[in-house]
Amino acid sequence: MIGCGCEVCSSSNKKDKRLRSSILVQSADTSIVVDTTPDFRYQMLRAGVKKLDAVVFTHPHKDHLAGLDDVRAFNFIQQKAMPLYANSLTEEAIKREFAYAFADKKYPGVPELQLNTISDGPFYIGDIPVQPVEVWHHKMPVLGFRFGKFMYITDANRIEDTEKEKIRGCDVIVLNALRKEKHISHYTLDEAIAEVRDLGIPRAYFTHISHQLGLHQTVDAGLPEGISLAYDGLEVLMN
Ligand SMILES: [Zn+2]
Ligand SMILES: [Zn+2]
Ligand SMILES: [Zn+2]
């Protein structure tokens, strides 16, 4: 956090150094990013991503969208527009906040974006199956994404039972857990643990962590079996 001198912000443990929340989902021949955070450019450089087939979006908040302009690097390399998959709420925000990319007369070099509206139905990106799952972020609908037996949910604090049915049977879930104190639109640590248990998923990683949660090492050591804090650079291999 800018300007903060707390023990987490001044920690020398790499696992306490967090960029904004995003994941890269890869199969043998397809690469997808979930959300383009304000740190998207550095995240792509750090992970050495050479090819990106699509971006899927969870919701239109700035910390999940602001880095979109930098997909233009992939436009240059791949010589094609970047396919974006978003619900209509996020699509409106993309058109509004990146209006210059949709102008009739575009300045040379602006990002080339190809919008695909998604709702609740499953679809494929390359050989990766994608099942959207709608969750609640206070009063905003947010999309979680199921890729095979892997589930990614960020920025939620409630999941309806009908949507939970789409999540059950996963081997791994990444779920947001902001801090220990109650928050209006994010799961607390205890709420996230309870959701993982309710969903019956054996392996869970918590993401979208605030500095207010505490030191990675301390908090991680106190978590129940099968649950860990995620950290930047974490890789999860699925069968
Ligand atoms: Zn801090
Ligand atoms: Zn949000
Ligand atoms: Zn967020």
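Now for a description of the structure that goes with this document. Quick caveat: nothing in here was measured; it's all calculated off a predicted structure. (Residues numbered from 1 in each chain as written. Chains lettered and ligands numbered in written order. Predicted model: local features only at pLDDT ≥ 70, side-chain atom pairs only at ≥ 80, totals over all residues. Heavy atoms only, no water.)

## What about the sheet that holds strand E2 (residues 31–34)?
Alright, step 1. The strand order across the open sheet built from five strands is E1-E2-E3-E4-E5, with neighbouring strands paired in mixed fashion. Because the sheet does not close on itself, it has two edges, and the strands there are strand E1 (23–26) and strand E5 (113–117). The mean inter-strand angle of the sheet, taken between neighbouring strand axes irrespective of direction, is 25°.
Alright, step 2. The sheet contacts of helix H3 (residues 88–97) involve strand E4 (82–86) and E5, and relative to E5 the element is tilted by about 160°. (Pairing = 2+ DSSP bridges. Helix = DSSP H or I, 4+ residues; strand = E, 2+ residues; numbered from the N terminus. Axes fitted to C-alpha atoms, helices over the stretch in contact; angles between N-to-C directions. Contact = heavy atoms within 4.5 Å.)

## Thoughts on the coordination of the zinc ion (ligand 2)
Alright, step 1. Looking at the metal site, the zinc ion (ligand 2) is ligated by His-59 (NE2), His-61 (ND1), His-137 (NE2) and Asp-155 (OD), spaced 2.2 to 2.3 Å from it.
Alright, step 2. In this structure, the zinc ion (ligand 2) is coordinated by four donor atoms arranged in irregular fashion, with angles at the metal of 88 to 173°.
Alright, step 3. In this structure, the zinc ion (ligand 2) lies 3.5 Å from the zinc ion (ligand 3), and both are coordinated by Asp-155. With His-59 in the loop between strand E3 (54–56) and helix H2 (72–78) and Asp-155 in the loop between strand E9 (150–153) and helix H4 (161–167), this residue pair connects regions lying 96 residues apart in the sequence. (Donors = N, O, S within 2.8 Å, 3.2 Å for Na, K, Ca; no water. Tetrahedral: all angles 85-135°; square planar, octahedral: opposite > 155°, others 65-115°.)

## Things to note about the nonpolar core
Alright, step 1. Membership of the largest hydrophobic core comes to 28 residues, with the highest contact counts inside it found for Ile-153, Ile-167, Ile-173, Leu-175, Leu-189 and Phe-206.
Alright, step 2. Residue assignment for this core shows that the elements contributing at least two residues are strand E7 (128–137), strand E8 (140–147), E9, strand E10 (172–176), helix H5 (189–199), strand E11 (203–207) and strand E12 (227–229).
Alright, step 3. Per-element tally for this core: the top contributor is H5, with five residues.
Alright, step 4. If near-sequence neighbours (up to four positions away) are discounted, Ile-173 is found in contact with Met-151, Ile-153, Ile-167, Val-196, Leu-199, Ile-201, Arg-203, Ala-204 and Tyr-205.
Alright, step 5. The next biggest cluster of nonpolar side chains, apart from the first, holds 21 residues, and it includes Ile-32, Ile-128, Val-174 and Tyr-205. (Core = buried A, V, L, I, M, F, W, Y, C linked by side-chain atoms within 4.5 Å. Buried < 20%, exposed > 50% of the residue type's maximum accessible area, 1.4 Å probe, protein only.)

## Structural notes on the coordination of the zinc ion (ligand 3)
When a metal carries six donors in an octahedron, the ideal angles between them are 90 or 180 degrees, while four donors in a tetrahedron ideally lie at 109.5 degrees.
Alright, step 1. Donor atoms from the polypeptide that coordinate the zinc ion (ligand 3) comprise Asp-63 (OD), His-64 (NE2), Asp-155 (OD) and His-208 (NE2), at 2.1 to 2.2 Å from the metal.
Alright, step 2. Seen from the zinc ion (ligand 3), its four donor atoms lie at angles of 92 to 158°, and the figure they make is irregular.
Alright, step 3. Mapping the donors of the zinc ion (ligand 3) onto the primary sequence yields the spacing D-H-x90-D-x52-H.
Alright, step 4. Overall, His-208 belongs to the buried group, its relative accessible area being 15%.

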